[in-house]
Amino acid sequence: MAKTKPGKKDLDSYNIKGTNKVVRPGDCVLMRPADSDKPPYVARVEKIEADHRNNVKVRVRWYYRPEESIGGRRQFHGAKELFLSDHYDVQSAHTIEGKCTVHTFKNYTKLENVGAEDYFCRFEYKAATGGFTPDRVAVYCKCEMPYNPDDLMVQCEGCKDWFHPSCMGMTIEEAKKLDHFLCSDCSSDVDAKRSLNTFSVSPSVEAKVEPKRRKR
C-alpha cells in the first residue's frame, strides 16, 4: 500500500453528499464535469484520503467514452461503452455525483434490463497514444464488424455466425419474426446440395417423376 503523506489519512469510505450512498476504493463513480452540458465523467476510485482539515480527495482512474478517445466513436461502439484508461487523477470527493456499475462485456450482454447507471468495458485505453488492449477482437456478419450489444443480430443455423438484419436485406421487425435463419452463403450451399441430390439416383434404377400440375 502507498504511504500516506504527513497530515493525510486514508479513508475506507466516503458518503456522497445529499445521499445515503457510500463509496469505497474499487467502486465506480459518476463525477460532475466542469461543463454542465456534458454527461458526468466515469471513474474508478483507487484511493480515498483526507487532509488535516478533513478535505476529502479521491485518486481515480478515468474511464473514457468512445467520443473522448483519439479515434472517436465507431459503428460497433455501444451507447454505454467505456474504455478503462491509464489516466489517473486526484479530485475533490465533492465532485462525486453518484455510483455506477461498469460491467464486463460478457456480463453486460446478459443483463435483462440496462439501467441508467449500467455501463460496460471491453478495452483498456492508452490516453497518450490512442492504443487499445486487446487490439484485436472477433468480427461478425458480412460487414466484418465487432459486436455492438445495442444492435439486434440473428444467428445463422448453418455457419453459426451472427448477422445484422440490415446487412441481410431485412428490417428489424422481419428479423424478430424469424423462426429459422440461413445466411446467403449457407442458403447457397443448401441449394447446391439439393441440386446434387437430384442427380444422385443410381443409373440402374429407372425413376419416373410425374410433374405436378399447377392449379390455375
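Refer to the structure above for everything that follows.
Fair warning: this is a prediction, and the values are worked out from it, not measured in the lab.

Draft legend 1. Highlighting the overall build of the protein. Looking only at helices and strands, the protein has three helices and twelve strands in total. Scored against the burial criterion, the 216 residues of the protein give a buried share of 31%. Within the protein, residue pairs in contact and separated by at least 24 positions form 51% of the contacts whose partners lie at least 6 positions apart. Counting only carbon and sulfur atoms, one obtains 49% of the accessible surface of the protein, whose full area is about 15200 Å².

Draft legend 2. Representation of the nonpolar core. Of all hydrophobic cores here, the largest spans 21 residues; its most connected members are Val23, Val29, Met31, Ile48, Val58 and Ile96. Of all the elements in the fold, those that place two or more residues in this core are β4 (28-31), β5 (41-50), β6 (56-64) and β9 (118-125). Excluding residues that lie within four positions of it along the chain, valine 23 makes contacts with Asp12, Ser13, Tyr14, Ile16, Val29, Val45, Ile48, Ile96 and Lys99. Core analysis: the next-biggest nonpolar cluster, separate from the first, contains eleven residues, Val154, Phe163, Met170 and Ala175 among them.

Draft legend 3. Up close: the packing of aromatic side chains. Taken as a whole, this structure holds twelve aromatic pairs when the rule is applied. Between phenylalanine 163 and phenylalanine 181 the ring centres are 6.0 Å apart and the planes differ by 65°, which places this aromatic pair in the edge-to-face class. You can see phenylalanine 163 sitting in strand β12 (residues 162-163) and its partner phenylalanine 181 sitting in the loop between α2 (172-176) and α3 (184-197), a full 18 residues away along the chain. The class for phenylalanine 181 is buried, based on a relative accessible area of 11%. Seen from the ring of tyrosine 119, lysine 80 lies directly overhead, with NZ or CZ sitting 4.7 Å from the centre. In this arrangement the basic side chain of arginine 122 is found over the ring face of phenylalanine 105, its NZ or CZ atom lying 4.6 Å from the centre.

Draft legend 4. The pattern of salt bridges, seen in detail. Inspection of the entire model under this criterion finds nine salt bridges. Across the pair lysine 21 and glutamate 117 runs a salt bridge, and its minimum N-O distance is 3.6 Å. With lysine 21 in the loop between β2 (14-15) and β3 (22-23) and glutamate 117 in the loop between α1 (105-109) and β9, this pair connects stretches of sequence that are 96 residues apart. Accessibility expressed as a relative area gives 38% for glutamate 117, which makes it partly exposed. Connected through salt bridges with shared partners, the residues Lys8, Asp10, Lys47 and Glu49 form a single ionic network.

Draft legend 5. A look at the pairing of β4. Alternating residues of β4 divide into Cys28 and Leu30 and Val29 and Met31, and every residue in both groups is buried. When β4 meets β5, the two strands line up antiparallel, connected through four bridges. Bridge pairing in β5 places leucine 30 opposite valine 42. In terms of strand pairing, β4 meets strand β8 (residues 96-104) through four bridges, oriented antiparallel. In the strand pairing of β8, cysteine 28 is matched with cysteine 100.

Draft legend 6. Just unusual backbone geometry, in detail. Geometrically, the link from threonine 133 to proline 134 is a cis peptide bond, its omega value of -5° lying close to zero. Looking at where proline 134 falls in the secondary structure, it is placed in the loop between β10 (132-133) and β11 (154-155). One non-glycine residue, glutamate 144, lies in positive phi territory at about 55°. Along the chain, glutamate 144 turns up in the loop between β10 and β11. The exposed category is assigned to glutamate 144, whose relative accessible area is 56%.

Scoring rules and cut-offs
- Residues numbered from 1 in each chain as written.
- Predicted model: local features only at pLDDT ≥ 70, side-chain atom pairs only at ≥ 80, totals over all residues.
- Heavy atoms only, no water.
- Helix = DSSP H or I, 4+ residues; strand = E, 2+ residues; numbered from the N terminus.
- Buried < 20%, exposed > 50% of the residue type's maximum accessible area, 1.4 Å probe, protein only.
- Contact = heavy atoms within 4.5 Å.
- Areas by Shrake-Rupley, 256 points an atom, 1.4 Å probe, with all protein chains shown as cover.
- Core = buried A, V, L, I, M, F, W, Y, C linked by side-chain atoms within 4.5 Å.
- Phe/Tyr/Trp six-rings, centres within 6.5 Å; stacked < 30°, edge-to-face > 60°.
- Lys NZ or Arg CZ within 6 Å of the ring centre and 35° of its normal.
- Salt bridge = Lys/Arg side-chain N within 4 Å of Asp/Glu carboxyl O.
- Pairing = 2+ DSSP bridges.

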